[in-house]
Amino acid sequence: MSRIALLEPQCTDRAGALLARMMPGDAPPIGLFRTFARNLPMAGAMHGWGRYELGSQLTSLDGGRHA
């Protein structure tokens, strides 16, 4: 079975900017995000979805807000 190669650090400016937004502080991008960045439209969608899932925008089933 073949693997998808991670995007190497010498990536395009656009991919580098997206990866920087996906990571907290100055942390280097994790391998999963570097794999996503091989397809920038998908990586952008995953970034938005991840921010929503990990953010405070979600509400519980009864309509209350999560802390």
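See above for the structure.
This is a predicted model, so every value here is computed, not measured. (Residues numbered from 1 in each chain as written. Predicted model: local features only at pLDDT ≥ 70, side-chain atom pairs only at ≥ 80, totals over all residues. Heavy atoms only, no water.)

> Where do I start with the side chain of H47 in this structure?
With respect to the helices and strands, H47 occurs in helix α3 (residues 40–54). Ignoring any residue separated from it by four or fewer positions in sequence, one finds H47 in contact with L18, R21 and M22. (Helix = DSSP H or I, 4+ residues; strand = E, 2+ residues; numbered from the N terminus. Contact = heavy atoms within 4.5 Å.)

> What's the story with the packing of helix α1 (residues 13–22) against α3 in this structure? I'm lost.
Helix-helix packing is described using two parameters, namely the angle between the two axes and the distance between the axes. The interhelical angle for the contact between α1 and α3, taken along N-to-C directions, is 15°, at an axis separation of 11 Å. Judged by the angle between their axes, α1 and α3 are roughly parallel. The two elements α1 and α3 meet at a crossing, and its hand is left-handed. Contacts between α1 and α3 involve R14, A15, L18, R21 and M22 on the former and, on the latter, L40, A43, G44 and H47. For the contact of α1 with α3, the residue count by class is 5 nonpolar, 2 polar and 2 charged. (Axes fitted to C-alpha atoms, helices over the stretch in contact; angles between N-to-C directions. Parallel < 35°, antiparallel > 145°, perpendicular 65-115°, else oblique. Left-handed = near helix turned anticlockwise from the far one by under 90°. Nonpolar A, V, L, I, M, F, W, Y, C, P; charged D, E, K, R; others polar.)

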